[in-house]
Amino acid sequence: MKRVLSDMYFLGRKCIFCDKYGLYRLADKRVKCKHCNKKYRLQKLKDDMQILYYFYLEISARKTARELDFRYKPIHRKFMDFRKSIADYCNAEARRLNGEIEMDESYFGGKKKGKRGRGAKNKEIA
Ligand SMILES: [Zn+2]
């Protein structure tokens, strides 16, 4: 866990949004990126990364909250956000793949006609 934390510290040196060096500290302890102008709190990022890490390890929201000393509800909400992000990504990916398959079918002259699969003609029983 210590190693992860130190990695995250260096991750904070680079802007997480545009991946460029050029962060500077603001008076309210947030950092601001001079390239994309995004402002964020490093501590919040560290917390989020840690929560994500626990999520990745498939540790329950309740246990994560207990171990990281957070309240359960925000952790639970975060976990749901992670799941939703994953689901959205999968759906988008599936749509993209379906699009490709449809394209292939039109390229090869559309769907085959006639019976397919079990009981189809010209099919030997293995
Ligand atoms: Zn940036």
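As the structure is a computational prediction, the values presented were derived from the model and not from experiment.

Novice: Lay out the pattern of salt bridges in plain terms, naming residues and giving numbers.
Specialist: Pairing between side chains of opposite charge can happen when the charged atoms of each approach one another. Following the criterion strictly, the structure yields seven salt bridges and no others. A salt bridge links D19 to K14; the shortest N-O distance between them is 3.8 Å. Measuring nitrogen to oxygen at the nearest pair gives 2.9 Å for the salt bridge that ties E93 to R96. Placement of the pair is E93 and R96 together in helix α4 (residues 72-107), with a separation of three residues, close to one helical turn. According to the relative accessible area criterion, R96 is partly exposed, its value standing at 43%. A single salt-bridge network, built from bridges that share partners, covers K44, D48 and K78.

Novice: Could you give an account of the coordination of the zinc ion, with specific residues and numbers?
Specialist: Protein-derived ligands of the zinc ion are C15 (SG), C18 (SG), C33 (SG) and C36 (SG), with the metal-ligand distances lying across 2.2 to 2.3 Å. Residue C33 is classed as buried on the basis of its relative accessible area of 0%. What makes C36 partly exposed here is its relative accessible area of 29%.

What counts, and at which threshold
- Residues numbered from 1 in each chain as written.
- Predicted model: local features only at pLDDT ≥ 70, side-chain atom pairs only at ≥ 80, totals over all residues.
- Heavy atoms only, no water.
- Salt bridge = Lys/Arg side-chain N within 4 Å of Asp/Glu carboxyl O.
- Helix = DSSP H or I, 4+ residues; strand = E, 2+ residues; numbered from the N terminus.
- Buried < 20%, exposed > 50% of the residue type's maximum accessible area, 1.4 Å probe, protein only.
- Donors = N, O, S within 2.8 Å, 3.2 Å for Na, K, Ca; no water.

That's the geometry; what it means functionally is another story.
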